[in-house]
Structures are given as structure tokens and as C-alpha cells.
Amino acid sequence: WVEGSESIGIQGSIPWLPPEVIKQEVGTGGDEVTALNGWKKADVWALGCTYFEMITGKPPWNNYSNPVAAMYNIAMCKSAPQLPAEKVHADGQEF
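Residues numbered from 1 in each chain as written. Predicted model: local features only at pLDDT ≥ 70, side-chain atom pairs only at ≥ 80, totals over all residues. Heavy atoms only, no water.

Asker: What should I look at first to understand unusual backbone geometry in this one?
Answerer: A negative phi holds for most residues other than glycine; trans holds for most peptide bonds. Phi angles above zero are rare outside glycine, and Trp-61 is one such case at about 60 degrees. By secondary structure assignment, the location of Trp-61 is in the loop between helix H2 (32-56) and helix H3 (67-76). (Helix = DSSP H or I, 4+ residues; strand = E, 2+ residues; numbered from the N terminus.)

What follows is the structure, encoded as C-alpha cells:
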């Protein structure tokens, strides 16, 4: 990271990156509260991805063999990956 640079790029493990981070919409512009709320959403996304991995034994978005394809699909997604109904109670599906 170079001090004073405008962009540091994307950092993190692709399957756990939330769409906002991939699109670089978190922590930029606005006030400090808005930026912090964006990072809280990112943390919730990562928690959900960890939950998915704990239930399935596989990382989220594991159906993509190419990291760029995974990033594109995460950035464009409108919903989270589906958990197998036979492994999770209905309450867990809503989590």
C-alpha cells in the first residue's frame, strides 16, 4: 500500500468477499458512519459465508473453478448461495 494512493485494490479471500467489497463500494466516499455501516454489512456477509461452509463442508461459491468467474458472480448476485434443505432446519435457511 502506498500512502496517498487513491486505491489499494481488493484484498481478501474471494469466496468470502461481499459484493460491495468486490465492487469497491465499501469504505469510500460519504461520512465515517456510512463507511462503517458498509463494513458491518461486509462482516455479516463473511459470517454467512462461514456458516455456509460449516454446514456444507465446502466454501461458498465453490461451483466456480475460475476465481474471476466467482468474483463476477458474487458481484452480480442478488441472493446468497442456497443451503441444502436436508442439512438445515427452516430457521437455519433464513439465517
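After that view, the rundown keeps rolling.
Asker: When you look at the packing of aromatic side chains in this model, what are you seeing that I'm missing?
Answerer: Two aromatic rings, taken as a pair, are described by how far apart their centres are and by the angle between their planes. Under the counting rule described, the total for this entry stands at 1 aromatic pair. With centroids separated by 6.5 Å and ring planes inclined at 10 degrees, the aromatic side chains of Trp-45 and Trp-61 adopt a geometry described as stacked. Highlighted residues: Trp-45 in helix H2 and Trp-61 in the loop between H2 and H3, separated in sequence by 16 residues. We note that Trp-45, like Trp-61, is buried. (Phe/Tyr/Trp six-rings, centres within 6.5 Å; stacked < 30°, edge-to-face > 60°. Buried < 20%, exposed > 50% of the residue type's maximum accessible area, 1.4 Å probe, protein only.)

Asker: When you look at the nonpolar core in this model, what are you seeing that I'm missing?
Answerer: Nonpolar side chains in soluble globular proteins generally cluster together in the buried interior. Leu-17, Val-21, Ile-22, Ala-42, Trp-45, Cys-49, Trp-61, Ile-74, Ala-75 and Cys-77 together form the largest nonpolar core, which totals 10 residues. Sorting the residues of this core by element identifies helix H1 (19-22), H2 and H3 as the ones contributing at least two each. In terms of residue count, H2 provides more of this core than any other element does, 3 residues in total. If near-sequence neighbours (up to four positions away) are discounted, Cys-49 is found in contact with Pro-15, Trp-16 and Pro-60. (Core = buried A, V, L, I, M, F, W, Y, C linked by side-chain atoms within 4.5 Å. Contact = heavy atoms within 4.5 Å.)

Asker: Can you walk me through the environment of Phe-52 in this structure?
Answerer: Following the sequence through the fold, Phe-52 ends up in helix H2. What makes Phe-52 buried here is its relative accessible area of 9%. When the C-alpha positions of Phe-52 and Gln-93 are compared, they lie 9.9 Å apart, and in sequence the two are 41 residues distant. What Phe-52 contacts, discounting residues up to four positions off in sequence, is Gly-57, Lys-58, Pro-59, Pro-60, Asn-62, Pro-81, Gln-82 and Leu-83.

Asker: I keep staring at the environment of Gln-82 and nothing clicks. Help me out?
Answerer: Structurally, the position occupied by Gln-82 is in the loop between H3 and helix H4 (90-94). Expressed as a C-alpha distance, the spacing of Gln-82 and Pro-60, which sit 22 residues apart in the sequence, is 9.4 Å. When sequence neighbours within four positions are dropped, the list of residues in contact with Gln-82 reads Phe-52 and Gln-93.

Asker: Which parts of the structure should I look at to understand the side chain of Thr-56?
Answerer: In this structure, Thr-56 sits in helix H2. Residue Thr-56 is classed as buried on the basis of its relative accessible area, which comes to 16%. Not counting the four nearest positions on each side in its chain, Thr-56 is found in contact with Leu-83, Pro-84 and Lys-87.

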